[in-house]
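Spelled out, the chains give:
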Amino acid sequence: MMARRKVYDPFLFIELTVNGHMYLDTLTKFLMPRLEEDLPHIFQKDGTPLHFHQYVRDHLNDTLIGRWINRAENHDFPFTFWPLRSPDLILCDLFLWRYVKDIVYVLPLL
């Protein structure tokens, strides 16, 4: 995860399939405690189904009122709505492309 001033430790799921409950558990135990150290912040996610899970949105509505960006429904309280199937690259995408490029294009190229 990336923030304006730092990159947080990566979190990898060891399970083959991750559902909304597992993602919410990761948010509450791993990510949210680290984010509280860096207030104020706005939490941006993409529109994957487990990010859009009802329990995840309920938690964000309770803990980050008006400080999250994602797909949302009318009863949610995001900072702004993230459009479904948005062609825009998010920060994670930009970071990933740069990281992959730095690994792939190591000199000398054979």
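Residues numbered from 1 in each chain as written. Predicted model: local features only at pLDDT ≥ 70, side-chain atom pairs only at ≥ 80, totals over all residues. Heavy atoms only, no water.

### Some points on the overall build of the protein
Assigned secondary structure in the protein consists of three helices and three strands. Mapped in sequence order, the helices and strands of the protein form the string α-β-α-β-β-α. Considering the protein as a whole, with its 110 residues, one finds that 26% of them fall into the buried category. Long-range pairs, those at least 24 residues apart, make up 41% of the contacts in the protein between residues at least 6 apart in sequence. (Helix = DSSP H or I, 4+ residues; strand = E, 2+ residues; numbered from the N terminus. Buried < 20%, exposed > 50% of the residue type's maximum accessible area, 1.4 Å probe, protein only. Contact = heavy atoms within 4.5 Å.)

### What about the sheet that holds strand S1 (residues 43-44)?
If you trace the three strands from one edge of the open sheet to the other, you get S1-S2-S3, paired in parallel fashion. The sheet terminates laterally at S1 and strand S3 (80-81), the two strands that pair on one side only. Bridge analysis of S1 against strand S2 (residues 68-70) gives two bridges, and the strand direction is parallel. Across the sheet, Phe43 pairs through a bridge with Trp68, a residue of S2. (Pairing = 2+ DSSP bridges.)

### Here's the deal with the pattern of salt bridges
Tallied over the entire structure, the rule returns three salt bridges. The partner of Asp25 in a salt bridge is Lys29, and the shortest N-O contact between them spans 3.1 Å. Of this pair, Asp25 and Lys29 both sit in helix H1 (residues 20-35), separated by four residues, roughly a single helical turn. The exposed category is assigned to Lys29, whose relative accessible area is 62%. A salt bridge links Asp76 to Arg57; the shortest N-O distance between them is 2.7 Å. Here Asp76 is found in the loop between S2 and S3, whereas its partner Arg57 is found in helix H2 (residues 54-63), with 19 residues between them in sequence. For the pair formed by Asp76 and Arg57, the shared burial category is buried. Here the salt bridges share partners, and the residues they tie into one network are Arg57, Glu73 and Asp76. (Salt bridge = Lys/Arg side-chain N within 4 Å of Asp/Glu carboxyl O.)

### Considerations on the packing of aromatic side chains
The full count for this structure, using the stated rule, is zero aromatic pairs. The ring of Phe52 is capped by Arg57, whose NZ or CZ atom sits 4.2 Å from the centre of that ring. (Phe/Tyr/Trp six-rings, centres within 6.5 Å; stacked < 30°, edge-to-face > 60°. Lys NZ or Arg CZ within 6 Å of the ring centre and 35° of its normal.)

### Details of the environment of Ala72
Note that Ala72 resides in the loop between S2 and S3. Once residues within four sequence positions are removed from consideration, Ala72 is found in contact with Phe52, Pro78 and Phe81.

### Describing H1
The sharpest bend along H1 measures roughly 40° and falls at Leu27. Residues of H1 that are buried make contact with S1 and H2. Regarding H1, its N-cap is Asn19, as a side-chain oxygen of that residue lies 3.1 Å from the backbone nitrogen of His21 further along. (Bend = angle between axes of the 7 residues up to and from the residue. Polar contact = N/O pair within 3.5 Å; in protein donor to acceptor, adjacent residues only side chain to side chain.)

### Section: H2
Every buried residue of H2 is accounted for by Val56, Arg57, His59, Leu60 and Asn61. If you follow the buried residues of H2, they end up packed against H1, S1 and S2.

Scope: geometric values only; no functional claims are made or implied.
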